[in-house]
Amino acid sequence: MTTLIVVVGLAVYVLLYLTYGKKLERDVVKATDDETPSKRMYDGVDYVPAKAPVLFGHHFASIAGAAPIVGPVLAMAWGWVPGLLWVWFGNIFIGAVHDYLALMSSVRYDGRSVQFVASDVITKRTGKTFYWLVFFLLILVIGAFGAVLGNMFVGNGQVPSAYILKLVAALILGVLMYRVKMNFTAATLIGIVMLVLAIIGGHQMPINASRGTWMVVMFFYIIIASAIPVNVLLQPRDYLNSWLLYIGLAIGGLAAIFSFTGFTAPAFTSFAPIVSGGQPSPFWPVIPLIIACGSLSGFHSLVGSGTTSKQLESEKHGLPIGYGAMLTEGFLSTIVIISVAGFGLSIIQGAGQDLTVANWGNAYAGAMNASFGAATTFTNSYAAMVDSTFLSIIPTEIVKVIAGMWVASFAMTTLDTTNRLGRYCLSEIVLPMKEKNEGMYNFITNRWIASTIPALIGIYLAWSGSFTILWPSFGSANQLIASIALLTGAAWVTKRQKAKNVNVVLIPAYLLWITVTAAIIWFSVVVLPGTIEANPTTGIVVLIIEIVMLIMNFVFIIDFLKNKDKPLVSEA
Amino acid sequence: MKTIFFTGKGGVGKSTLSAAAAWQLMERGNRVLAVSFDPAHNLGDIYNIKLSHKKKRFKRTNLYLQETDLEKSASEYIKSNMDLLKQVYSYMSTLNFDSYFDILKYSPGVEEYAALTSLEKILKEEKDNFDYIVFDTPPTGLTLRILALPQLTISWIDRLIKIRKQILEKRYTIHKLSGTYDEKGTKLAYTEEEDTVIQNLYNMKDRYKGVQDFIQGENSRISVVFNPDFLSLRESQRLLEGIYDLNLPLGTAFNNKFTEEELEVGNGVEKELTKQYPDLTIERVLLGKNKKTDTYIMDKDLIKSF
Amino acid sequence: MNGGKGGVFTRLFNYLRVFFSAMDKSHRSQVTGMTEFEQKELENLFVLLLMGSFMGVPSPPSFVAAELLPHLEHEIKVLNERAKDSFDTMAEMVGTFDID
């Protein structure tokens, strides 16, 4: 079954890429051989063309993260079919389209970001909204990933140990590459060796600490990592992460194909099983909040229109890079679903949880969370899947550490970069305050205050909140940005492209907006009251964020509808 | 070669004293150059001779005289740089240098720079030609700014050097890892030897350090000139404070136009000054006039040798 | 001279070579990406500090700037580019700093 789904998934993606994707390229984006900004505005600084495979690698590495792994694990509560359908068709018809349009509209706008495009095709106010939404997203992502990491580190002490060793390896690699200026290939080899040693070392020397301890450690890690120069830690560490990604993908892909195991998880449990906050969660509209990045992610529009668009060598490369990279990420989520579908049940049962095919709908979320947490459920299922193939020569415990490191690494890169960005967004948000209340403005933008606010709120949420609450709230901010970005793409297609079949984009965009809005309302009304009761501060903080985002969301759609048939802001 | 700067408020008689000092030094057998930086040039009037920015020999003596037109050299300097920039950036429309040209003529700092450049030039070119160079300076504020300029410039240059080194370091790293770093044929420098910018910065630093070291050194003196009145006192205190802050060596201070009527006030002023600056030597000076020859006579030797 | 088999292997070999060369290039750009961003910003900063005097910002004496400017063609280009982009940097930073 695992093999079957892998093959079917691959086929679905490839087929629809060649048919639907090409159609988008031809009729909607109308990709030409015109010079892209990377050539037209070449400046050797920002605008530099990159060869397609290189840019693909870069773009894919930027959008790949821990979210496409964690989300689908939670979504298994609906059974494996609904999540899979969203990862396939949600991705193909909405998510990848979103990425592709954000990229191409940016290319046509001289490499300007989706934020800028939005302020031209919709209104200036929409552009400003991005600062707020990104800021909230940064806080919530620290909360969500902090919770994921906390659970994972407590569940398996080998993982944090291996991760810390990997940090040391990154520091050493940084010195080798940037100080000693060792030959790059040599440094890479040493880096890979150190990575392997870190994995083995972590396995041999687990670190056991309480969840609270990990929260404190993560808080200080965020503060420190966002202050030290990028050459010391960030850059070499991101490089090591790429190798980890290759290893993880390679092993996972092979295992999925050669596993030939049947699924033990039910295909479909019910329309509204228990997913978030112990509440029955209807598949529509909640699914986007759960599986965010594997199918659709607002982050990607920023990445694509922020750096990728300025380096695109040819408009024809947009489809494989913008559309294709997202499909690849969907494929990654497919493998995640396969591994949990095939091996999750026995693993969770093995932890003493009362989970069966019959009570899956009601019990899965709780049992998964209580036994291992989403990340470790994945790593253990992944390890089991690998074990069921010829790859079982690799000790299972080691495979668990590899998979755990993979998730941890990507989650941690999120943590330390969010603070840098959070500071920036915060200063942009409070800028209007400067005239009216200069004292408050100076306070908030003070270097130390601004550095700690996002991290503080985020880690507090992670510490006090439950994963099944924090994850959908992160999803909500992410999907809101995505729906605005997709509507921006739709507006661009309508106003700038004047394509005939705009509905191909417009209808999914509207549907997405409605879905996300409904999901957030549902979340605030059904789930959050319980949270407020259990943990008032956490619940109220999240609720306030959701409400502010919702208000901005409604202001946005009104702006969108009002300006739908008006000319561009720049041409008005 | 030694230098003496005569400083003080406008009207206290520093031009006269510097002119007299120059003459006296020459009479003692020295080769002397008297330079005026004061925009209100009196040097030529005192010696009754037309002067320019080129040094001119006085009659057949070993005294040379020069009046530097700060405003003229300031605008010349600006013009030459603007011409160069206009040429190099002819294709750049963003910064409209043409319209900035006129504004820059009056921008603060250019007069100081012109003075500094003049000073640098004189120190460099005339150090072997003369035993003493006597300077008549502009009013207090401008003089203090001129004297502070070398150090200020050096501080800025140090900061810029620091940033430039970081830039070169990063370029080198990228070069090492990604291969040659150049765009459309222009190669970017990534070592200090190849980087004209940092070489220029080092160069500038050396030049200004040269001037700085000289005026702080044992061959340089600053003489403050004041009158026996309390207005003069305030100004002198300002000047002395500035000179102390800049670590510049003080020469004799002159209580000029000191007559019998001013005795009490004069004493009071001197007392204030010596209270604050106990190491200060003060000389009372009164220029007498020989009515018969209609020339001025100085009753004492202004400059003791140092 | 088995044309078919040799052809396949050479094609495969070439394909792999291109693949690994692309991967290598991608890696090299990955380990210099943020450094390039920093370098850009430092060059921008350097010229900004120098030029400030032309725009009324307290900065080094303008003559220092005037002497150096003829040698700073590249940096001034960076200044211009960054000035044009300065209001639209959020997405670029999201892309440069690997958030996801």
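Above: the structure in question.
Let me sum up the structure you'll find in this document. Being a predicted model, the structure only gives us computed values, none of them experimental.

## Some points on the overall build of chain A
Looking only at helices and strands, chain A features 23 helices and 2 strands. Its C-alpha atoms give chain A a radius of gyration of 23 Å, near enough to 25 Å, the size a compact globule of 572 residues would have. For the C-alpha atoms alone, the extent of chain A along its principal axes is close to 65 × 60 × 55 Å. When burial is assessed residue by residue, chain A has 65% of its 572 residues classed as buried. Residue pairs in contact within chain A that sit at least 24 positions apart in sequence constitute 86% of those at least 6 positions apart. Per element, the accessible surface of chain A, about 18800 Å² overall, is 69% carbon and sulfur.

## What to know about the overall build of chain C
Scanning chain C from N- to C-terminus turns up 4 helices and 0 strands. When the helices and strands of chain C are placed in sequence order, the string is α-α-α-α. The contacts of chain C with a sequence gap of at least 6 include a subset with a gap of at least 24, amounting to 57%. Here chain C has roughly 4400 Å² of accessible surface; of this, 66% comes from carbon and sulfur atoms.

## Brief notes about the state of the cysteines
This model, assessed by the stated rule, comprises 0 disulfides over all chains. In this structure Cys-293 of chain A is not part of a disulfide, and its nearest cysteine sulfur, from Cys-425 of chain A, lies 17 Å away.

## Thoughts on the nonpolar core
Ranked by size, the top nonpolar core spans 222 residues in total, and within it Phe-145, Tyr-323, Tyr-364, Trp-471 and Phe-474 of chain A carry the most contacts. No other element matches the 19 residues that helix H7 (residues 124-155) of chain A contributes to this core. Apart from residues no more than four positions distant in its own chain, Phe-145 of chain A is found in contact with Ala-66, Ala-67, Ala-411, Thr-414, Leu-415, Trp-471 and Phe-474 of chain A. By size, the runner-up hydrophobic cluster in this structure holds 68 residues, among which are Ile-78 and Ile-215 of chain B together with Leu-69 and Leu-79 of chain C.

## Here we look at the sheet that holds strand S8 (residues 220-226) of chain B
Residues and elements named next belong to chain B. Spatially, 8 strands are ordered S3-S4-S2-S5-S1-S8-S9-S10 in an open sheet, and the strand pairing comes out mixed. Looking along the sheet, the strands with just one partner apiece sit at the ends: strand S3 (56-57) and strand S10 (282-285). Bridge analysis of S3 against strand S4 (residues 63-67) gives 2 bridges, and the strand direction is antiparallel. Paired with Lys-56 across the bridge in S4 is Leu-65. In the packing of helix H8 (residues 230-245) onto the sheet, the strands contacted are strand S1 (2-8) and S8, and the crossing angle to S8 comes to about 165 degrees.

## Considerations on the interface of chain C and chain A
Facing 36 residues of chain C, the contacting portion of chain A comprises 53 residues. Carbon and sulfur atoms supply 60% of the area that chain C and chain A bury against each other, a total of about 4000 Å² over both sides. Taken together, chain C and chain A are joined by 1 salt bridge. Here Asp-88 of chain C makes a salt bridge to Arg-112 of chain A, at a shortest N to O gap of 3.8 Å. Run the count over chain C and chain A and you get 11 residue pairs in polar contact (both at pLDDT 80 or more). Within the residue set of the side of chain C that touches chain A, elements represented by two or more residues are helix H1 (3-51), helix H3 (73-85) and helix H4 (90-96) of chain C. Sort the elements by how many residues they give to the side of chain C that touches chain A and H1 of chain C lands first, with 16 residues. A breakdown of the residues in the side of chain C that touches chain A according to their chemical character gives 12 nonpolar, 11 polar and 13 charged.

## As for a nonpolar patch on the surface
Residue and element names in this part refer to chain C. The grouping of Phe-9, Leu-12, Tyr-15, Leu-16, Phe-19 and Phe-20 at the surface amounts to a nonpolar patch, some 650 Å² of accessible area in total. Within the secondary structure layout, Leu-12 lies in helix H1. A relative accessible area of 43% places Leu-12 in the partly exposed class.

## Re the packing of aromatic side chains
Aromatic ring pairs: the centre-centre distance and the angle between the two ring planes describe each pair. Residue and element names in this part refer to chain A. Here the structure, examined in full by the defined rule, presents 41 aromatic pairs over all chains. When the ring of Tyr-460 is compared with that of Trp-463, the centres are 6.0 Å apart and the planes differ by 55 degrees; the resulting orientation is tilted. Note that Tyr-460 and Trp-463 are positioned in helix H20 (residues 447-464) at a spacing of 3 residues, about one turn of the helix. Classification of Trp-463 as partly exposed rests on a relative accessible area of 48%. Members of the aromatic cluster, joined through ring pairs, are Tyr-20, Trp-88, Phe-89 and Phe-93. The lysine or arginine in question, Arg-496, covers the ring of Tyr-109, its NZ or CZ lying 4.5 Å from the ring centre.

## Comments concerning H20 of chain A
Residue and element names in this part refer to chain A. Along its 18 residues, H20 runs 26 Å from first to last C-alpha, staying within 8% of the 26 Å computed at 1.5 Å per residue. In H20, a bend of some 30 degrees at Ile-453 exceeds every other bend along the element, and Pro-454, a proline, comes one to four places later. Among all positions of H20, only Ala-450, Ser-451, Pro-454, Ala-455, Gly-458, Ile-459, Leu-461, Ala-462 and Ser-464 are buried.

## Let's talk about the side chain of Glu-120 of chain B
Residues and elements named next belong to chain B. With respect to the element layout, Glu-120 can be found in helix H5 (residues 110-126). Classification of Glu-120 by relative accessible area gives buried; the value is 13%. Setting aside residues no more than four positions away along its own chain, Glu-120 makes contact with Arg-207, Tyr-208 and Val-211.

## Some thoughts on the pattern of salt bridges
This model, assessed by the stated rule, comprises 32 salt bridges over all chains. Put simply, Arg-237 of chain A and Asp-416 of chain A hold a salt bridge, and the shortest N to O gap is 2.4 Å. Taken together, the residues span a long stretch of sequence, with Arg-237 of chain A in helix H11 (residues 234-258) and Asp-416 of chain A in helix H17 (residues 396-429) at a distance of 179 residues. Accessibility expressed as a relative area gives 0% for Asp-416 of chain A, which makes it buried. Two residues, Asp-158 of chain B and Lys-205 of chain B, come together in a salt bridge whose shortest N-O distance is 2.7 Å. One end of the pair, Asp-158 of chain B, is in helix H6 (residues 140-178); the other, Lys-205 of chain B, is in helix H7 (residues 196-216), with 47 residues separating them in the sequence. Salt bridges here are not isolated pairs; linked through shared partners, they connect Arg-164, Arg-171 and Asp-195 of chain B together with Glu-43 and Glu-75 of chain C.

## Observations regarding empty space enclosed by the protein
All names here are of chain B. Tallied over the entire structure, the rule returns 5 cavities of 30 Å³ or more. Approximately 50 Å³ is the volume attributed to the second largest cavity. In this structure, the second largest cavity is lined by Phe-5, Phe-37, Leu-119, Thr-137, Pro-138, Thr-143, Ile-146 and Leu-147. Among the elements that line the lining of the second largest cavity, the one with the most residues is H6, at 3 residues. For the lining of the second largest cavity, the class distribution of residues is 6 nonpolar, 2 polar and no charged.

## Regarding the pairing of S4 of chain B
All names here are of chain B. Along S4, 4 of the 5 residues are buried, which leaves the element largely enclosed by surrounding structure. Across 5 bridges, strand S2 (residues 32-36) lies against S4 in parallel orientation. Counterpart to Ser-36 in the pairing with S4 is Glu-67. Two successive antiparallel strands, S3 and S4, enclose a turn made up of 5 residues, where Lys-59 displays a positive phi of approximately 50 degrees.

About the thresholds
Residues numbered from 1 in each chain as written. Chains lettered and ligands numbered in written order. Predicted model: local features only at pLDDT ≥ 70, side-chain atom pairs only at ≥ 80, totals over all residues. Heavy atoms only, no water. Helix = DSSP H or I, 4+ residues; strand = E, 2+ residues; numbered from the N terminus. Rg over C-alpha atoms; globule rule 2.2 N^0.38 Å. Buried < 20%, exposed > 50% of the residue type's maximum accessible area, 1.4 Å probe, protein only. Contact = heavy atoms within 4.5 Å. Areas by Shrake-Rupley, 256 points an atom, 1.4 Å probe, with all protein chains shown as cover. Disulfide = S-S within 2.5 Å. Core = buried A, V, L, I, M, F, W, Y, C linked by side-chain atoms within 4.5 Å. Pairing = 2+ DSSP bridges. Axes fitted to C-alpha atoms, helices over the stretch in contact; angles between N-to-C directions. Buried area = accessible area lost by both parts, 1.4 Å probe. Salt bridge = Lys/Arg side-chain N within 4 Å of Asp/Glu carboxyl O. Polar contact = N/O pair within 3.5 Å; in protein donor to acceptor, adjacent residues only side chain to side chain. Nonpolar A, V, L, I, M, F, W, Y, C, P; charged D, E, K, R; others polar. Patch = residues over 30% accessible without salt bridge, like charges linked within 9 Å, V, L, I, M, F, W, Y side chains within 5 Å. Phe/Tyr/Trp six-rings, centres within 6.5 Å; stacked < 30°, edge-to-face > 60°. Lys NZ or Arg CZ within 6 Å of the ring centre and 35° of its normal. Expected span 1.5 Å × (residues − 1). Bend = angle between axes of the 7 residues up to and from the residue. 1 Å grid on protein atoms, 1.4 Å probe; cavity = no way out; pocket = protein on both sides within 12 Å on 5 of 7 lines; lining within 4 Å. Points joined across faces, edges and corners; volume = space filled by probe spheres on them.

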